[in-house]
Amino acid sequence: MAGRGTEISQLREIAMIKVEKLSKRYKKGESADVEALKEASFQISRGEFVCVRGASGSGKSTLLNLLGCLDRPSSGSYRLDGEEVSRYSDKQLSRIRNTKIGFIFQSFNLLPRTTALENIEVPMVYGDGCVDRQSAREALRRVGLGDRAEHFPAELSGGEQQRVAVARALIRRPALILADEPTGNLDAQAASEVMGLLQDLHGEGRTILLVTHDPALTAYASREIFLRDGAVVSDRELGGTDREVQGAV
Amino acid sequence: MRAAKITSQALRSMNRNRTRAGLMMLGIVVGISSLAILSSIGEATKRDTIKRFKNMLGTFDTIIVRPGGSRLRGMPTLVNVPPTLRFEDADAIAAELPEVKAVSEVQTAFDIDVQYRDRTASPAIFGVSRNWLELRSEDVADGSFFSEEQNASLTRVAVLGTDVRNSLFPDEDSLGKSIRIASVPFQVIGTLKSRGAGPAGAALDNIVLIPINTSSRRLFNRDYLTMLIAQVKDTDRSTETTDKVAALLRERHHIRPPALDDFTLTNPAATMAQVTRAGSTLTKILSGVSLMALLIGGIVIMALMSIAVSERQKEIGVRRSVGAGRSDIVQQFLLECVLVALAGGIVGLLIGIGGMEIVARVQKLPQTLLWGPIVKAILVAVGTGLLFGIYPAWKASRVDPIQALRS
């Protein structure tokens, strides 16, 4: 037991996310490039629950896509779990997405005409290919939908669909959960259920990154990163003192 | 395991879009069914032609020499055979050309009645050498063939083809019976095995064989031949041997250019090659037609799958977000195209086999289910799916997951 404790503390020493001067520029016609993210630098430790906020167009989505390994930065460094992934190939990024990251989207993004259970199994297909139906059922039970396994997304309520998405996000036991406005399309009741699930995942030691513009959701987070015009303008512990913002203009 | 899972997902995806999958299959179904029908008909026709030739000639290692130049057409009868091809010519070919293994002398008549009691038949009468059976790959069904002694001593014996035996002896044994060929009595010593139909549907079993010397001196009363058959030693060199036979005959008949030959040579191997080539050309043309249908089928797959890619952008985005690489997406869509094409191919084959049965029945061709064309058809279907799946699969792999997930 003592040995395991030191192991975990060693792991904690490696930051879950460490970005340095991370930038993303888009070419826009003939005119100058649009800089969607400007030299963002911050570090997120293992087990943190971080809320990323900002108005639309502030660079939240760009940051999320970069952190989620769906996109590559134009410049800067991104170390995920100690691994420099900013120059990874498509294949390598795909493996990272499969093993280390679980996505939860505002619009659920379940495969239509595919049962809840099969939706949860999709990430396993792209892992070692070994589809473990039992653990898929287990994940579904965990989000309280054990009796909805054979239902299609269209037969589920919004809240239920999002819970299926949560089950899909955690099926590969990723260390990092990226949630993009997960409650944006839900009523208050369903929203609090989904947030409760996120809280549980956080309780298990997973790192949660929640992107939202809803100030109410910051209540779940222990830290808030605020973006404006592609730059990190504030980074503070919630209920604590402000952190020094690195690299902000 | 992974491949199996991707396959089952592709199958499920096809199942979810049944109408589209059905449409995609359509072109392949048409292409493959016509390919199967046409190439099988071509192949069956070819085999049938070869079989008929084989029925008539027995073997393909013989050169047939007929008297008269190439102007002469039609079946020789007693009256219109030019008296230019002599027994001595046959002897000379056998003696002087080492390339020739054996020579058979033949006299024929097609207008002679054969009688047994009150029954009459009009078969072809063949006066032949003792070696006829070997040269023609024929065999005696009952009784025996005549011997060299019987030939030398002008014995009046006859061997009957099955048609003749059936019409003269419908319900009694023919062996030992006495028949009359042009009123000359002959004893039946044997019957031939049936040979089936010739190239033009000629009745090859409507024949009576008698010793050549007997036919020459006792029946036809002529000392020239209707035909001689030279068996070549080396079939690969049958054309050269044919030329040598021609040269020898020209010399013996004192023919010098520009005088034309007074004989006609047929090299069955060459004829066969020509027939086979013509057959395969037909097969090629017919296959080309079906390849056209396959091309259209392939384009249909490409077009519909491209539309499907546009409609399934979100699915692609989701798969990408949970760890699918571009290559996984390429595989998935390629596999779907291949499976659709394969399914189309199988349906097409089933229709094709059904069609073949009908055509075979109508055309009275032998019903041959040929594995070659079947395997070829399946491969062609899979290949079509693969080829025309490349573009939509590539397109799918280029879908930007970020855009796709946001939509």
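Bear in mind the structure is a predicted one, so any value in this text is a computation, not a measurement. (Residues numbered from 1 in each chain as written. Chains lettered and ligands numbered in written order. Predicted model: local features only at pLDDT ≥ 70, side-chain atom pairs only at ≥ 80, totals over all residues.)

So what's going on with the overall build of chain A? Residues and values would help.
Assigned secondary structure in chain A consists of seven helices and ten strands. Of all intrachain contacts in chain A linking residues separated by at least 6 positions in sequence, the fraction that spans at least 24 positions is 66%. (Helix = DSSP H or I, 4+ residues; strand = E, 2+ residues; numbered from the N terminus. Contact = placed C-beta atoms within 7 Å.)

So what's going on with the pairing of strand β1 (residues 17-26) of chain A? Residues and values would help.
All names here are of chain A. Pairing geometry for β1 and strand β4 (residues 75-80), over five bridges, is antiparallel. Looking across to β4, one finds that Ile17 is bridged to Leu80. With seven bridges connecting them, β1 and strand β2 (residues 34-44) associate as antiparallel partners. Bridged to Leu22 within β2 is Ala40. (Pairing = 2+ DSSP bridges.)

If you had to explain the pairing of strand β7 (residues 157-160) of chain B to someone new, which residues and values would you point to?
All names here are of chain B. Every second residue of β7 is oriented toward a common face, with Val157 and Val159 on one face and Ala158 and Leu160 on the other, all of them buried. Note that β7 and strand β9 (residues 184-192) share four bridges and pair parallel. Within the sheet, the bridge partner assigned to Val157 lies in β9 and is Gln187. Note: β7 against strand β10 (residues 207-211), two bridges, orientation antiparallel. Residue pairing in the sheet places Val159 in a bridge with Leu209 of β10. (Buried ≥ 20, exposed ≤ 12 C-beta atoms within 10 Å, placed from the backbone.)

Explain the sheet that holds strand β6 (residues 101-104) of chain A to me, and be specific about the residues and the numbers.
In a beta sheet, neighbouring strands are held together by backbone hydrogen bonds and run either parallel or antiparallel to one another. All names here are of chain A. Across the sheet, which stays open at both edges, the six strands sit in the order β6-β7-β8-β3-β9-β10 with mixed pairing between neighbours. Looking along the sheet, the strands with just one partner apiece sit at the ends: β6 and β10 (231-237). Each neighbouring strand pair of the sheet contributes to a mean axis angle of 15 degrees, computed without reference to strand direction. Across five bridges, strand β3 (residues 49-54) lies against strand β9 (residues 223-228) in parallel orientation. Considered in β9, the bridge of Gly54 is made with Leu227. Against the sheet, helix α6 (residues 158-170) touches β6 and β7 (176-180), its axis set at about 170 degrees to β6. Set on the sheet, helix α7 (residues 188-203) makes contact with β3, β7 and β8 (207-211); between it and β8 the angle comes to about 150 degrees. (Axes fitted to C-alpha atoms, helices over the stretch in contact; angles between N-to-C directions.)

Tell me what's going on with helix α5 (residues 133-142) of chain A, and back it up with residues and numbers.
Residue and element names in this part refer to chain A. Of all the positions in α5, only Ala136, Ala139 and Leu140 are classed as buried. Considered in projection along α5, the buried side chains sweep an arc of 100 degrees and stay on one side of the axis. Those residues of α5 that are buried are in contact with α4 (116-125) and α6. With its phi angle positive at about 80 degrees, Gly144 sits one or two positions after the end of α5. (Arc of directions from axis to C-beta.)

Describe the sheet that holds β4(A), listing the residues and the values that go with them.
Residue and element names in this part refer to chain A. With respect to topology, four strands assemble into an open sheet ordered β2-β1-β4-β5, the strand pairing being antiparallel. Of all the strands in the sheet, the pair left with one neighbour each is β2 and β5 (83-84). Packed on one face of the sheet, helix α2 (residues 60-67) meets β1, β2 and β4 and runs near 60 degrees to β2.

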